Amino acid sequence: MTTHEHDSAGARSLVRRGDVRALSRQAAAGALTALERLAGGTGTAVLALLLLGWLLVVAVLCVLGVGVLLAPAAVRALHTLADRERDRLSRWGPQLVGPDAPPARLRPALAHPTVRRELRWLVRHATLGLLTGLAGLLLPLFAVRDLTFPLWWRLAPADASMTSLGFGTADGWPEAVSVGLMGVGWVAIIVGLAPAMARAQASPGRRLLPAGAETDVALRIAELTASRAAALDAHAAELRRIERALHDGTQNRLVAATVLLGAARRMVERDPSQAGELLERAHGAAEQALAELRSVVRGILPPVLADRGLAGALTGLAASCPVPCQLDVDVPARCAASVEATAYFAVAEALTNVAKHSGASRVTVTVRAHDGRLRLRVADDGRGGAAEDGGSGLAGVRRRVAAHDGTLTVTSPPGGPTTLEVELPCGS
């Protein structure tokens, strides 16, 4: 073999090894994603099993004539759980456009196509979905247990089972190593089967939960289109605000500093004593420009959100509010950065309005995260009369909230009190 042929063969071998590594990383990433999807589906499957049991109890009580009053709550619970599954599936694939809420009364609900499809989904998700989800949770535990068995098998009791499946006992290193090899087999099973298991778990929801022919899909598409347009409008308005802040403030300060520095340079040759005053003025203009630039940066995305989270950022807002502010935040997990920024700016604008216009003696800010939704409530005891067209900044808050397909409700009768409520999807 010539040197050139040897080098070409070596290059092909490196390429093949690179391809194998890339495929291995891709397979591992796919398996981890599938396990995450299975874990999320297990949560809704457990809820589906509990709801299925409750529906059976309600059905028996309806036959006995005493469960009719429970039927509307059962129908609403079914639709709420189905909406939660739609949201979960939409995060892992194409968005599921949900149908309108079905009627709550028993007879119309039983005849409604949406309720029938959701019942079929409930039965399948509570059985097949729960089984595949539990398998997705157990397989990694089996893999970790058997892979690490050679490290701790001497510490196990003498009559303890050798494998995760509960058979055999370890009498020496050969048996312990064989269990470790079984752990490798579990990993192979996870890589090979986890994506298919995740697809099988999601399949009933993908087929049964989308809006049917009875739902005005065009109306929902129009709503989503309007939401996207609102997002673009909010983005454009934010860009205009940043451009004005930089042009009217920071740029003018920098121009003034440049002019003063040029005058100071010329003054050094004629009258050095006066050059110091010009340099002092240029230094002050540069400091003001830097302060305004920092203000613009904080207005884009406050650094405190990344450092301390939404609760910490709102604590800072409450502490700096001139009106005594009571803060109650219960957000167990972080939301999407854009959602947290929208919530922060909504509370900041509300507290600014309270301080400037309301004449309130106290204000309460309540933040809750539940069922994938972030809910804000800012209430004060002021004079009321808040309006979006009164220069209060509420129109900008509404644009930000609409960009996330959220809702903003302002209740402010003359004489007060004023309550601002915002609901946003937490996102991921």
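In this numbering scheme, every chain counts its residues from 1 along its sequence in written order. Reporting in this predicted model follows two pLDDT cut-offs: at least 70 for local features of residues, and 80 or more for side-chain atom pairs to be given and counted; totals over whole chains, interfaces and linings ignore these cut-offs and use all residues. As a convention, hydrogens and water are excluded, and side-chain values are obtained from all of the structure's heavy atoms.

## A short note on the overall build of the protein
Part 1 of the argument: Secondary structure is summarised from DSSP: a helix means a run of H or I of at least four residues, a strand means a run of E of at least two, and numbering begins at the N terminus for each. A count of helical and extended segments in the protein gives eleven helices and five strands.
Part 2 of the argument: For the exposure calls, accessible area comes from a 1.4 Å probe over protein chains only, and a residue counts as buried if that area is under 20% of its type's maximum, exposed if over 50%, partly exposed in between. Counting only residues that meet the buried cut, the protein has 33% of its 428 residues in that class.
Part 3 of the argument: Counting only contacts in the protein whose residues sit at least 6 apart along the sequence, the fraction spanning at least 24 positions is 69%.
Part 4 of the argument: Areas reported here follow the Shrake-Rupley algorithm with a probe of radius 1.4 Å; residue values treat only the protein chains shown as occluding. Carbon and sulfur atoms provide 62% of the accessible area of the protein, an area that totals close to 24400 Å². Here, two residues are considered to be in contact whenever any of their heavy atoms come within 4.5 Å of each other.

## So, the packing of aromatic side chains
Part 1 of the argument: The pairing test for Phe, Tyr and Trp rings, Trp by its six-membered ring, is centres within 6.5 Å, and the orientation test on the planes gives stacked under 30 degrees, edge-to-face over 60, and tilted for anything in between. Tallied over the entire structure, the rule returns two aromatic pairs.
Part 2 of the argument: Measuring from ring centre to ring centre gives 5.2 Å for Phe-142 and Trp-186, while their planes differ by 50°; the resulting arrangement is tilted. Taken together, the positions of Phe-142 in helix H4 (residues 113-147) and Trp-186 in helix H6 (residues 173-208) put the pair 44 residues apart, joining distant regions of the chain.
Part 3 of the argument: Take Trp-186: its relative accessible area is 11%, and that puts it in the buried class.
Part 4 of the argument: Summarising the aromatic geometry, the rings of Tyr-344 and Phe-345 are spaced 5.7 Å apart at their centres and angled 80° between planes, so their arrangement reads as edge-to-face. Phe-345 matches Tyr-344 in its accessibility class, with the two residues each being buried.

## Points about the environment of His-283
Part 1 of the argument: Structurally, the position occupied by His-283 is in helix H8 (residues 272-300).
Part 2 of the argument: Taking C-alpha positions, His-283 is 7.1 Å from Ala-257, a pair spaced 26 residues apart along the chain.

## With respect to the sheet that holds strand E2 (residues 363-370)
Part 1 of the argument: Pairing is mixed across the open sheet formed by five strands, whose spatial order is E1-E2-E3-E5-E4. Two strands bound the open sheet, and with one partner strand each, they are strand E1 (325-330) and strand E4 (407-411). Averaged over all pairs of adjacent strands, the angle between strand axes in this sheet comes to 10°, irrespective of strand direction.
Part 2 of the argument: When DSSP finds two or more bridges between two strands, those strands count as paired. Of the strand pairs in this sheet, E2 and strand E3 (residues 373-380) are connected by eight bridges, and their pairing is antiparallel. Looking at E3, one finds that Arg-368 is bridged to Arg-375.
Part 3 of the argument: Axis definition: a line fitted to C-alpha atoms, over the contacting stretch in the case of helices. Angles run 0 to 180 degrees between N-to-C directions. The strands touched by helix H10 (residues 337-358) are E1, E2, E3 and strand E5 (418-425); relative to E3, the strand with the most contacts, the crossing angle is about 5°.
Part 4 of the argument: In this fold helix H11 (residues 394-403) packs onto E4 and E5, with an angle of close to 150° to the strand it touches most, E4.

## Brief notes about the pattern of salt bridges
Part 1 of the argument: Any Lys or Arg side-chain nitrogen located within 4 Å of an Asp or Glu carboxyl oxygen qualifies as a salt bridge. Scanning all chains against the criterion turns up ten salt bridges.
Part 2 of the argument: For Arg-86, the salt bridge identified is with Asp-83, shortest N-O distance 2.5 Å. Residue Arg-86 and its partner Asp-83 are both found in helix H2 (residues 71-91); the two are separated by three residues, about one turn of the helix.
Part 3 of the argument: Between Arg-368 and Asp-328 there is a salt bridge, with the nearest N and O atoms lying 2.6 Å from each other. A residue pair is termed long-range when its members are at least 10 positions apart, and Arg-368 in strand E2 and Asp-328 in strand E1 qualify at 40 residues.
Part 4 of the argument: We classify Arg-368 as partly exposed; its relative accessible area is 32%.
Part 5 of the argument: Among the residues examined, Asp-328 registers a relative accessible area of 32% and is labelled partly exposed.

## What about the confidence of the model for the protein?
Part 1 of the argument: The quantity known as pLDDT measures the predictor's confidence residue by residue, on a range of 0 to 100. Looking at the protein, the pLDDT average stands at 78 and 78% of residues meet or exceed 70.
Part 2 of the argument: Note that residues 3-8 has pLDDT below 50 and, in this model, one contact with residues that lie over four places away or in other chains.

## Regarding the side chain of His-125
Part 1 of the argument: Positionally, His-125 belongs in helix H4.
Part 2 of the argument: On the basis of relative accessibility, which here comes to 1%, the residue His-125 falls in the buried class.
Part 3 of the argument: Pairs of N or O atoms are called polar contacts if they sit within 3.5 Å, as long as, within protein, a hydrogen donor faces a hydrogen acceptor (for residues adjacent in sequence, only side-chain-to-side-chain pairs). Of note is the side chain of His-125, whose polar atom sits 3.4 Å from the backbone nitrogen of Ala-45.

## A look at H4
Part 1 of the argument: With 35 residues, H4 should cover 51 Å at 1.5 Å per step; its first-to-last C-alpha distance of 49 Å lies within 8% of that length.
Part 2 of the argument: Along H4, the sharpest kink reaches roughly 40°, centred on His-125. One less than the number of residues in a helix, times 1.5 Å, gives the span that helix is expected to have. Fitting axes to the seven residues that end at a residue and to the seven that start at it, the angle between those axes gives the bend at that residue.

## As for the environment of Gly-393
Part 1 of the argument: As for its position among the elements, Gly-393 is in the loop between E3 and H11.
Part 2 of the argument: On the accessibility criterion, Gly-393 (30% relative accessible area) is partly exposed.
Part 3 of the argument: Along the primary structure Gly-393 and Asn-353 are separated by 40 residues, whereas in three dimensions their C-alpha atoms are 8.2 Å apart.

## Considering the pairing of E1
Part 1 of the argument: Across six bridges, E1 lies against E2 in parallel orientation. The residue bridging Gln-326 from the neighbouring strand is Thr-364, located in E2.
Part 2 of the argument: Handedness of the crossover is the feature at issue here: the chain leaves E1, passes through H10, returns alongside E2, and the resulting connection is left-handed. Here a crossover is taken to be right-handed if, once the strands point away from the viewer, the path from the first strand over the helix to the second is traced clockwise.

## Some remarks on the packing of H4 against H6
Part 1 of the argument: One can describe the packing of H4 onto H6 by two numbers: an axis separation of 9 Å at closest approach and a directional angle of 165°. In terms of axis orientation, H4 runs roughly antiparallel to H6. Classified by chirality, the crossing of H6 by H4 is left-handed.
Part 2 of the argument: The class makeup of the residues in the contact of H4 with H6 is 19 nonpolar, nine polar and six charged. Throughout this description, any angle smaller than 35 degrees is read as roughly parallel, any larger than 145 degrees as roughly antiparallel, any in the 65 to 115 degree range as roughly perpendicular, and the remainder as oblique. The sense of a crossing depends on the near helix, which, turned anticlockwise from the far helix by less than a right angle, makes the crossing left-handed and, turned clockwise, makes it right-handed. By the convention adopted, Pro, Cys, Tyr, Trp, Phe, Met, Ile, Leu, Val and Ala count as nonpolar, Lys, Arg, Asp and Glu as charged, and the other residues, Gly among them, as polar.

## With respect to H6
Part 1 of the argument: With 36 residues, H6 ought to run about 52 Å at 1.5 Å a step, and its terminal C-alpha atoms sit 52 Å apart, in line with that.
Part 2 of the argument: Of all bends in H6, the biggest is about 45°, found at Leu-193, and the proline Pro-195 comes one to four residues later.

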